[in-house]
Protein chains: 2
Amino acid sequence: MSEFLEILPLTKTSFAPYGEVIEADPSKMRLINNGTTERFHALGQPVVVGAPERLIFNIFRGQPRQFPYSVGMMERHPFGSQSFMPLSGKPFLVGVSDDEGGRPGKPKIFLARADQGVNYFANAWHHPLMALGAVSDFLVVDRDNTAANLEEFFFETPYSIAEPDL
Amino acid sequence: MSEFLEILPLTKTSFAPYGEVIEADPSKMRLINNGTTERFHALGQPVVVGAPERLIFNIFRGQPRQFPYSVGMMERHPFGSQSFMPLSGKPFLVGVSDDEGGRPGKPKIFLARADQGVNYFANAWHHPLMALGAVSDFLVVDRDNTAANLEEFFFETPYSIAEPDL
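So, a few notes on the structure that sits alongside this text. Predicted model only: the values in this text are computed from it and were never measured. Within any chain, residue numbers begin from 1 and follow the written order of that chain's sequence. All chains are assigned letters beginning with A, and all ligands numbers beginning with 1, in the order in which they are written. Residue-level local features of this predicted model are given only where pLDDT is at least 70; pairs of side-chain atoms are given and counted only at 80 or more, and the full residue set underlies all totals for whole chains, interfaces and linings. Water and hydrogen atoms play no part in the side-chain values, which are based on all heavy atoms of the structure.

Some details on the interface of chain A and chain B
- Taken together, the contact between chain A and chain B spans 39 residues of the former and 39 residues of the latter.
- Here the quantity called buried area is the accessible surface, traced with a 1.4 Å probe, that two parts lose on coming together, added over both. Summed over both partners, the interface of chain A with chain B comes to about 3,500 Å²; 61% of that surface belongs to carbon and sulfur atoms.
- Of all residues in chain A, the largest losses of buried area upon contact with chain B belong to A:Phe57, A:Ile59 and A:Arg61, amounting jointly to 21% of the total for that side.
- Put simply, a salt bridge is a Lys or Arg side-chain nitrogen that is within 4 Å of an Asp or Glu carboxyl oxygen. Our enumeration of links across chain A and chain B arrives at two salt bridges.
- Ionic pairing is found between A:Asp142 and B:Arg39, a salt bridge with its closest N-O pair at 2.9 Å.
- A 3.5 Å cut-off defines polar contacts: any pair of N or O atoms within that distance qualifies, except that in protein one atom must be a possible hydrogen donor and the other a possible acceptor, and neighbouring residues in sequence count only when both atoms are side-chain atoms. The interface formed by chain A and chain B includes 25 residue pairs in polar contact (both at pLDDT 80 or more).
- Residue assignment for the side of chain A that touches chain B shows that the elements contributing at least two residues are strand 4 (37–44), strand 5 (55–62), strand 7 (82–86) and strand 15 (136–143) of chain A. Here a residue-residue contact requires only that any non-hydrogen atoms of the pair lie within 4.5 Å. Labels follow the DSSP assignment, with helices taken as runs of H or I lasting at least four residues and strands as runs of E lasting at least two, numbered in each case from the N terminus.

A look at the pairing of strand 6 (residues 69–76) of chain A
Residues and elements named next belong to chain A.
- Taking burial as the measure, the eight residues of strand 6 include six buried ones, the bulk of the element.
- In the sheet, strand 6 pairs with strand 16 (residues 151–161) via seven bridges, with the strands oriented antiparallel. Along strand 16, the bridge assignment pairs Ser-70 with Ser-160. For every residue, the accessible area (1.4 Å probe, protein chains only) is compared with the maximum for its type, and the residue is labelled buried under 20%, exposed over 50%, or partly exposed between those bounds. Pairing between two strands is assigned when DSSP locates at least 2 bridges connecting them.

Structural notes on the nonpolar core
- Formed by 20 residues in total, the largest nonpolar core has its most connected members in A:Leu139, B:Ile59 and B:Leu139.
- Contributing elements (two or more residues each) for this core: strand 4, strand 5 and strand 15 of chain A together with strand 4 (37–44), strand 5 (55–62) and strand 15 (136–143) of chain B. Definition used in this section: a nonpolar core is a set of buried Ala, Val, Leu, Ile, Met, Phe, Trp, Tyr and Cys residues joined via side-chain atoms within 4.5 Å.

Side note on the pattern of salt bridges
- Counted by the stated rule, this structure contains 20 salt bridges over all chains.
- Members of the salt-bridge network, linked through shared partners, are A:Glu23, A:Arg113 and A:Asp115.

Here you go:
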């Protein structure tokens, strides 16, 4: 029987080792456009490593996961950050691991609200997109993957995630 | 009486001189993540001009415009692209102008669907965010504006936009 992983709320502090949380943080608000727009400024930074590579916009359309969900694999992208911002008004799951000597440790699972996105740091272990409930679109900003920019690790014993309370 | 501007549908072709349309273009789809995700790849490119400036994620929370709306000003950012992706499931208006000897020409107004974003090219004249109907959030990727990166132009005679049919 595989171990069940706890589902944690996604916060800036808890997620700090792995990347940035993209959300309308009141402390970062400034009024612009003659007061018609609140700008929540510098919520994260897309980063690309290694010239002459470029950053690109993409949309990921994810199938919802079925539960209990088996976490068998983690991946990372050495040469650039990768951000996910939900466009369909649905929460989603975020899975990350600390690096333990070149392989991912036990995953941490976060429940991201529909108004929260994440930006994984370059080389942070993470699980592929986990949409919830319905097919969901995400705006993704990442490195145009012309050279190899993907490392995968398969767990000997998968972990499990029980259906989250939404 | 100021001239009313036509509202055009936002398409890749009509918008090409000013920037990129970010939408799930079927011709750019590839299956990833074991077939659980459709990736609409390379829908645009965030660009920053002039090292050591950086790109940042922001959320813009726009007040809805009232109609008839008066278009009195256009702006541009010489040193980087600026993208707007709607997060609130609402259409919005996009205003752009050709450059005519260093000043914006008569604006073109596009109606962007709730599933379309735009990425203005560096130095493309555009109107500030025009949300419709309700307060709306947008993910914005642009250059961190530590040096001057804003040029504004005020029309002698403003233009008008009538309330769009949604």
